[in-house]
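# Observations on chain architecture
These are the residues of each chain, in order.
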Amino acid sequence: MKTIILAFVILSGGLLIYGTIDMPAWGDPHSPANSYVSPLYIEEALKETETPNIVTAVLADYRGYDTMGETTVIFTAAVACALLLRGWSEGRKERE
Amino acid sequence: MLTKIYENLIVKTICRIMIPFIQIYALYVIAHGHYSPGGGFQGGVILAAALALIFLAYGQEPVVRRLTPNLALSLCGIGVFIYAGTGLLCLLSGGNFLDYARLAPILGVAIPRARSLGIFGVEIGVGLAVMTAMYSIIIDVAGNSASPDRHAASSSPENLNNNAEPAA
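Overview of the structure. (Residues numbered from 1 in each chain as written. Chains lettered and ligands numbered in written order. Predicted model: local features only at pLDDT ≥ 70, side-chain atom pairs only at ≥ 80, totals over all residues.)

## Considerations on the overall build of chain A
Using the following cut-off: The helix and strand labels rest on DSSP assignments: H or I over at least four residues marks a helix, E over at least two residues marks a strand, and numbering proceeds from the N terminus. Values of the radius of gyration come from C-alpha atoms, whereas the globule rule sets the reference at 2.2 Å times the count of residues to the power 0.38. Each residue is classed by its C-beta neighbour count within 10 Å, where at least 20 other C-beta atoms makes it buried, 12 or fewer makes it exposed, and intermediate counts make it partly exposed; the C-beta atoms are placed from backbone geometry.
Looking only at helices and strands, chain A has 6 helices and 0 strands in total. The order of helices and strands in chain A, counted from the N terminus, is α-α-α-α-α-α. Relative to the compact-globule value of 12 Å for 96 residues, chain A shows a C-alpha radius of gyration of 24 Å, a clear excess of over 25%. A principal-axis box enclosing the C-alpha atoms of chain A has dimensions of 70 × 60 × 15 Å. When each of the 96 residues of chain A is scored for burial, the buried share is 21%.

## Looking at the interface of chain A and chain B
How we decide: For every residue pair, C-beta atoms are placed from the backbone, and the pair is scored as a contact if these atoms sit within 7 Å. Only Asp, Glu, Lys and Arg are considered charged in this grouping, and only Ala, Val, Leu, Ile, Met, Phe, Trp, Tyr, Cys and Pro are considered nonpolar; every other residue, Gly among them, is considered polar.
Taken together, the contact pairs 32 residues of chain A with 35 residues of chain B. Those elements giving two or more residues to the side of chain A that touches chain B turn out to be α3 (38–49), α4 (54–62), α5 (64–85) and α6 (88–95) of chain A. When residues of the side of chain A that touches chain B are assigned to their parent elements, the largest contribution, 14 residues, is made by α5(A). Residues that form the side of chain A that touches chain B fall into these classes: 15 nonpolar, 10 polar and 7 charged.

## Structural notes on the nonpolar core
For clarity, the cut-off: Put simply, a nonpolar core is buried Ala, Val, Leu, Ile, Met, Phe, Trp, Tyr and Cys residues tied into one set by C-beta atoms within 7 Å.
Within the largest apolar cluster, 41 residues are counted, with the highest numbers of intra-cluster contacts made by Ala78(A), Cys76(B), Ala129(B), Val130(B), Ala133(B), Met134(B) and Tyr135(B). Put simply, the parts of the chain that give this core at least two residues each are α4 and α5 of chain A together with α1 (9–31), α2 (40–58), α4 (69–92) and α6 (111–142) of chain B. Tallying contributions element by element places α6(B) first for this core, with 14 residues. Residues within four places of Met134(B) in sequence aside, it is in contact with Val45(B) and Ala48(B).

## Quick look at unusual backbone geometry
With a phi angle near 55°, Glu50(A) is a residue other than glycine that sits in the positive phi range. Its location among the elements puts Glu50(A) in the loop between α3 and α4. On the neighbour-count criterion, Glu50(A) (19 C-beta atoms within 10 Å) is partly exposed. For Leu98(B), which is not a glycine, the phi torsion comes out positive at approximately 65°. Within the fold, Leu98(B) resides in the loop between α4 and α5 (104–107).

Shown next as structure tokens:
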């Protein structure tokens, strides 16, 4: 069993390493990730949003959906902590 | 459980001096997110740190009296609602969700300025949500009576005697 697992780990690890060979070089300006919207953000962010900090412009304007999801995650974490730790059922029993 | 409060004049005085500056700095981080690193997430966490400092120096009762955990959770929801409401306002004005350019006629400014103000609006929502979420989690984890019912019950004579015992 252990040999099967080891073989599977080596195989999947080898596949992942094989997959990285085709990836563009680190910081390559002509890679797909850097050649479509990134130059647009850098050139147009100040003109379009009057926000000198490009990070803020991307975070809250161009990628506003994503940041709304992040805020919802934080809200969900607070609600989950409250539901687990505040002992609602105990309080309800005392009231009755 | 943090039941023993450190009756230390130095700690309390330093906290009393530091807390307003921490809160002003947090508001600066939120408002200056357009020009420097910062924004709603970072400023909200600093605001929550100021509340945590009150909690550590003065104990649970003074801070819970000012901002109850239930109110904090409601304000957290309001923070998310400010964000989503800004997007919804754009949707109602005929644009896409979170398309701040559509706020320009409502605010009466040019489109780039409207997008800048839209970013500021959602940053305020994020700051409120992060501050109250962090505060709520701190009180839930470290407080000894997070529920309002149990908080009321802790004022019974039996519990008062427990709290009044001097530190060993």
